[in-house]
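This is what each chain is made of:
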Amino acid sequence: MLYAILSEDVPGSLERRLGARAAHLERLKALQDAGRLVLAGPHPAIDGEDPGPAGFTGSLVVAEFASREAAIAWAAEDPYCAAGVYARVTVKPFRKVLP
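What counts and how
Residues numbered from 1 in each chain as written. Predicted model: local features only at pLDDT ≥ 70, side-chain atom pairs only at ≥ 80, totals over all residues. Heavy atoms only, no water. Helix = DSSP H or I, 4+ residues; strand = E, 2+ residues; numbered from the N terminus. Rg over C-alpha atoms; globule rule 2.2 N^0.38 Å. Buried < 20%, exposed > 50% of the residue type's maximum accessible area, 1.4 Å probe, protein only. Pairing = 2+ DSSP bridges. Axes fitted to C-alpha atoms, helices over the stretch in contact; angles between N-to-C directions. Contact = heavy atoms within 4.5 Å. Salt bridge = Lys/Arg side-chain N within 4 Å of Asp/Glu carboxyl O. Expected span 1.5 Å × (residues − 1). Bend = angle between axes of the 7 residues up to and from the residue.

> Just to check I follow, could you spell out the overall build of the protein chain for this structure?
Scanning the protein chain from N- to C-terminus turns up three helices and four strands. Helices (α) and strands (β) of the protein chain occur, in sequence order from the N terminus, as β-α-β-β-α-α-β. Taking 99 residues into account, the globule formula puts the C-alpha radius of gyration at 13 Å, and the protein chain, at 13 Å, falls close to it. A principal-axis box enclosing the C-alpha atoms of the protein chain has dimensions of 35 × 30 × 25 Å. Burial statistics for the protein chain: of 99 residues in total, 31% are counted as buried.

Here's what the structure looks like:
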């Protein structure tokens, strides 16, 4: 089943985010290579592709997991969690309708 992993950043965590980005992307690439990733990306703090020093307010990952518990466990091991980027992570079942 698909799950949406909604993460909210700690204010002022841009430097920590940048430091953990490569490891974070590596895990997402593994999901993509396994054919389980639907989409992933950050929420810029301002309107714009590159928010610069304004940074980000969080992230969204939609991917396939065997269960909600498996999605929660995967999210808990995110390098952004270990780096103190995320203040809160919510995992919800997701049903893709379009496209």
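Further notes follow.
> Which parts of the structure should I look at to understand the sheet that holds strand S4 (residues 86–94)?
Strand pairing in a sheet takes place through backbone hydrogen bonds and is either antiparallel or parallel in direction. Taken in spatial order, the four strands of this open sheet run S2-S3-S1-S4, and their pairing is antiparallel. Strand pairing shows two members of the sheet lacking a second neighbour, strand S2 (37–44) and S4, which therefore form its edges. Direction aside, neighbouring strands of the sheet carry axes that sit 10° apart on average. Taken together, the seven bridges between S2 and strand S3 (residues 56–64) define a ladder with antiparallel strand orientation. Paired with leucine 39 across the bridge in S3 is valine 62. Strand contacts of helix H1 (residues 14–33): strand S1 (2–9), S2, S3 and S4, with the helix running at about 10° to S3, the strand carrying the most contacts.

> Can you help me understand the pattern of salt bridges in this one?
Between side chains of opposite charge, a pair can form when the charged atoms approach closely. Scanning the entire structure with this criterion turns up three salt bridges. For glutamate 8, the salt bridge goes to arginine 88, with nearest N and O atoms at 3.0 Å. Taken together, the residues span a long stretch of sequence, with glutamate 8 in strand S1 and arginine 88 in strand S4 at a distance of 80 residues. One salt bridge in this structure joins lysine 29 and aspartate 33, with 2.8 Å as the shortest N-O distance. Here the residue lysine 29 and the residue aspartate 33 both occupy positions in helix H1, the gap between them amounting to four residues, near one helical turn. Under the relative-accessibility criterion, lysine 29 is labelled partly exposed at 42%.

> Just checking my understanding: could you explain H1 for this structure?
Each α-helix turn comprises 3.6 residues. Residues three or four places apart therefore point the same way. Look at H1: 27 Å from first C-alpha to last across 20 residues, which is about the 28 Å you get at 1.5 Å a residue. At arginine 21, H1 shows its maximal bend, which comes to roughly 55°. Buried residues in H1 make contact with S1, S2, S3, helix H2 (68–76), helix H3 (79–82) and S4. Backbone geometry just downstream of H1 places glycine 35 in the positive-phi region, at approximately 75°.

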